[in-house]
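# Results of the structural survey
Chain residues, written in single-letter form:
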Amino acid sequence: MALQGNKHLIKRIFILLLPVGLLIAVKFLIYLDMKSICIWKILTGHDCPGCGITRAFNALFSGQFMEAYRYNPKIVIVAPLMIFVWLGLLFRKSSNLNH
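Reading guide: rules and limits
Residues numbered from 1 in each chain as written. Predicted model: local features only at pLDDT ≥ 70, side-chain atom pairs only at ≥ 80, totals over all residues. Heavy atoms only, no water. Phe/Tyr/Trp six-rings, centres within 6.5 Å; stacked < 30°, edge-to-face > 60°. Helix = DSSP H or I, 4+ residues; strand = E, 2+ residues; numbered from the N terminus. Buried < 20%, exposed > 50% of the residue type's maximum accessible area, 1.4 Å probe, protein only. Patch = residues over 30% accessible without salt bridge, like charges linked within 9 Å, V, L, I, M, F, W, Y side chains within 5 Å. Areas by Shrake-Rupley, 256 points an atom, 1.4 Å probe, with all protein chains shown as cover. Salt bridge = Lys/Arg side-chain N within 4 Å of Asp/Glu carboxyl O. Contact = heavy atoms within 4.5 Å. 1 Å grid on protein atoms, 1.4 Å probe; cavity = no way out; pocket = protein on both sides within 12 Å on 5 of 7 lines; lining within 4 Å. Points joined across faces, edges and corners; volume = space filled by probe spheres on them. Nonpolar A, V, L, I, M, F, W, Y, C, P; charged D, E, K, R; others polar. Core = buried A, V, L, I, M, F, W, Y, C linked by side-chain atoms within 4.5 Å.

Let us look at the packing of aromatic side chains. Counted by the stated rule, this structure contains one aromatic pair. With a centroid separation of 6.1 Å and 35 degrees between ring planes, the pair formed by Phe57 and Phe61 is classed as tilted. In this pair, Phe57 and Phe61 are both assigned in helix H3 (residues 53-61), four residues apart and thus about one turn of the helix distant. We classify Phe57 as buried; its relative accessible area is 9%.

Dropping the structure here:
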């Protein structure tokens, strides 16, 4: 019984820390300063619909909303959607802990 409770607690902590993981991943990729990590762009030389999203998230984390939009306008859809999914996971795990 206690083991099951520990598993739920670990899952909840993991879900709570997902945004921190995203922040660390984005900062690390920006730090690497690679020309591109996009497979599509590497293979074709053309931008994909997601190109610039890492830089957009980096700008967003720094509070530079217009800069984020300039890197990839889809940030206005992707960021709120990720927050919505994260909160959904968080609340679903919270309600599972109460039962």
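Attention now goes to a nonpolar patch on the surface. Together, Leu9, Ile13, Leu16, Leu17, Val20 and Ile24 make up an exposed nonpolar region whose accessible area comes to about 530 Å². Tracing the chain through its elements places Ile24 in helix H1 (residues 2-32).

To continue, consider the side chain of Asn58. Mapped onto the secondary structure, Asn58 falls in helix H3. Relative accessible area serves as the criterion here: at 16%, Asn58 is assigned to the buried category. Excluding residues within four positions of it along the chain, Asn58 makes contact with Val26, Lys27 and Ile30.

Here the focus is the layout of surface pockets. A volume near 350 Å³ is recorded for the largest pocket. Along the wall of the largest pocket there are 17 residues; nearest its centre are Lys35, Ser36, Ile37, Thr54 and Arg55. When contributions to the lining of the largest pocket are tallied by element, the ones reaching two or more residues are H1 and H3. Among the elements that line the lining of the largest pocket, the one with the most residues is H3, at three residues. For the lining of the largest pocket, a count of residues per class yields eight nonpolar, four polar and five charged.

Let us look at the pattern of salt bridges. Scanning the model with the defined rule gives two salt bridges in all. Measuring nitrogen to oxygen at the nearest pair gives 3.1 Å for the salt bridge that ties Arg70 to Glu67. Taken as a pair, Arg70 and Glu67 lie in helix H4 (residues 65-71) at a separation of three residues, close to a single helical turn.

Structurally, Arg12 is set in helix H1. Taking the C-alpha atoms as reference points, Arg12 and Arg92, 80 residues apart in sequence, are found 9.5 Å from one another.

As a further point, take the nonpolar core. Soluble globular proteins tend to bury their nonpolar side chains together. Membership of the largest hydrophobic core is limited to eight residues, which are Val26, Ile53, Ala56, Phe57, Ala59, Ala68, Ile75 and Ala79. Among the elements of the structure, H3 and helix H5 (75-98) are those that each provide at least two residues to this core. The dominant element in this core, judged by the number of residues it contributes, is H3, at four residues. In this view, Ala59 contacts Gln64, Glu67, Ala68 and Tyr71; residues no more than four positions away in its chain are not counted.

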